[in-house]
Amino acid sequence: MDCDAFRTVLPAEFHRRFLINKVRADGRSFLTYRQPLISSNTLTNCCGSASVRAGNNYYLAGVKCEVGPPVAKGCTVGNIQPQKSACAELLESQRQLQAEASSSLAAGRIVASVEFPSICGADFSDGGGPNANAPLLISGVVTDLLNSNSVIDTCQLCLRTEGAERGEIDENDLRDDENSPHPSSEFGRTEANLEQTFAWHLHVHVVCLEYDGNPLDFALLAAVAALENTVLPAISWDAKAKWWRQLLPAENRPDFPGAASAEGLSVFNEEKVVVSNRPLSVTFSHVMNQWWVVDPSREEEKLGCGLSVVFLKNRWHVLRLGGPPVTASVVKLLQMQAEAIAAGADAALTEAAHGTHHCADGAAPQAV
């Protein structure tokens, strides 16, 4: 039988003949991670962007910054919650991430959406059957991770001034009713008048253009890389439109003719988003319930059930999407292997932040 036909008609038997010899169909060992190539600032019309290519996977991420009302810090976690069909490990991990983000402080928020258009070839089926909710689950997990206090302090997204910290806020200035001041008096507004009324909302859009398995790892990697080079644009209050407008590059210079007259008005300069810690995910698949392989391809995903371990500020979060229970001893072994791989991904992000391409080392020495 022709090799391609054999692979299509009997995929399990095709891969089994490789796996029994401790090698995978694409030539990798069980614990070899496809090396991600990360590029920063790949899109020109975004506040931050990045691309990730790993094997036959290709992801693009862009960040759009918008001003809106602040939210309580405990509400900045993802709006997309896991479905009831998700297993207990995923629910427990997301509850832990949400607990980390809980606070009564006003903050901005980050919302991630991960899209898999039909052109990328993703169908999301594994050993447990089709999983139509996978894109929603991935978007929710990425959103929760990015809003964790351990990753980004979303309080930095508030429009903050010294006057506001003293409580000099007049909410009546923000009302548009018959008792409100004349629009011309809007020019008298200071940053203190607007503090805690507005905050940045960051929309992280991740699009998969080519898909070959392991969606969570590379979607999260692209989102983190895009956020790390995100710069909040310079804005000022437009009294006529009664909303914020983005300043042109020339207007944002100290020597711009109108800069002096803008003193005392609501003007915020460009500011880079600070990512405190990088959440890094490493995914394994239990192929045919016999072999654990890292960074599964699309074909390997269909033959097993996945388990992802997310490394976040010296803590591991285990995300399990279906499949039989995994013993604690196996999870511990997988975490040990994932730690070395996560270190390589962290180095790749560091190199990308400095404007150079980098391939992360992905081999681990011990089989599971």
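Residues numbered from 1 in each chain as written. Predicted model: local features only at pLDDT ≥ 70, side-chain atom pairs only at ≥ 80, totals over all residues. Heavy atoms only, no water.

## Observations concerning the sheet that holds strand S15 (residues 280-287)
- Read from one edge of the open sheet, four strands run S16-S15-S17-S18, paired in antiparallel fashion. Two strands close off the open sheet at either side, each with one partner strand: strand S16 (291-294) and strand S18 (315-320). In this sheet, adjacent strand axes meet at a mean angle of 25 degrees when their direction is disregarded. (Pairing = 2+ DSSP bridges. Helix = DSSP H or I, 4+ residues; strand = E, 2+ residues; numbered from the N terminus. Axes fitted to C-alpha atoms, helices over the stretch in contact; angles between N-to-C directions.)

## Some remarks on the pairing of strand S11 (residues 235-238)
- As paired strands, S11 and strand S12 (residues 243-246) are joined by four bridges and run antiparallel to one another. Residue pairing for S12: Ile235 is matched across the bridge by Gln246.
- Connecting S11 to the next strand, S12, in antiparallel fashion are four residues, including Lys242 with a positive phi near 55 degrees.
- With two bridges joining them, S11 and strand S13 (residues 267-268) adopt antiparallel strand pairing. Across the sheet, Ile235 pairs through a bridge with Phe268, a residue of S13.

## Re helix H9 (residues 328-353)
- Compared with an ideal rise of 1.5 Å per residue, which puts 26 residues at 38 Å, H9 spans 36 Å between its outermost C-alpha atoms and is within 8% of the ideal.
- If you check which residues of H9 are buried, you get Val331, Leu334, Gln335, Gln337, Ala338, Ile341, Ala342, Gly344, Ala345, Ala348, Leu349 and Ala352.
- The inward-facing, buried residues of H9 abut strand S1 (37-40), helix H7 (215-228), S15, S16, strand S17 (304-312) and S18. (Expected span 1.5 Å × (residues − 1). Buried < 20%, exposed > 50% of the residue type's maximum accessible area, 1.4 Å probe, protein only. Contact = heavy atoms within 4.5 Å.)

## Topic: the packing of aromatic side chains
- Applying the stated rule across the entire model yields 13 aromatic pairs.
- Members of the aromatic cluster, joined through ring pairs, are Phe198, Trp237, Trp243, Trp244 and Phe268.
- Directly above the aromatic system of Tyr58 lies the positively charged group of Arg53, at a separation of 4.2 Å from the ring centroid. (Phe/Tyr/Trp six-rings, centres within 6.5 Å; stacked < 30°, edge-to-face > 60°. Lys NZ or Arg CZ within 6 Å of the ring centre and 35° of its normal.)

## Focus on the confidence of the model for the protein chain
- This prediction gives the protein chain a mean pLDDT of 78; 71% of its residues lie at or above 70.
- For the stretch residues 76-88, pLDDT sits under 50, and the model shows 33 contacts to residues farther than four places along the chain or on other chains.
- Low pLDDT, under 50, characterises residues 257-264; the stretch is placed with five contacts to residues that sit more than four places away or in other chains. (pLDDT = per-residue confidence, 0-100.)

## Side note on the side chain of Thr283
- For Thr283, the location among the structural elements is in strand S15.
- Engagement of the side chain of Thr283 in a polar contact is seen with the side chain of Asp217, the distance being 2.7 Å.
- A polar side-chain atom of Thr283 sits 2.6 Å from a polar atom in the side chain of Ser308.
- Not counting chain neighbours up to four residues away, the residues in contact with Thr283 comprise Asn214, Asp217, Val293, Val294, Asp295, Pro296, Leu307 and Ser308. (Polar contact = N/O pair within 3.5 Å; in protein donor to acceptor, adjacent residues only side chain to side chain.)

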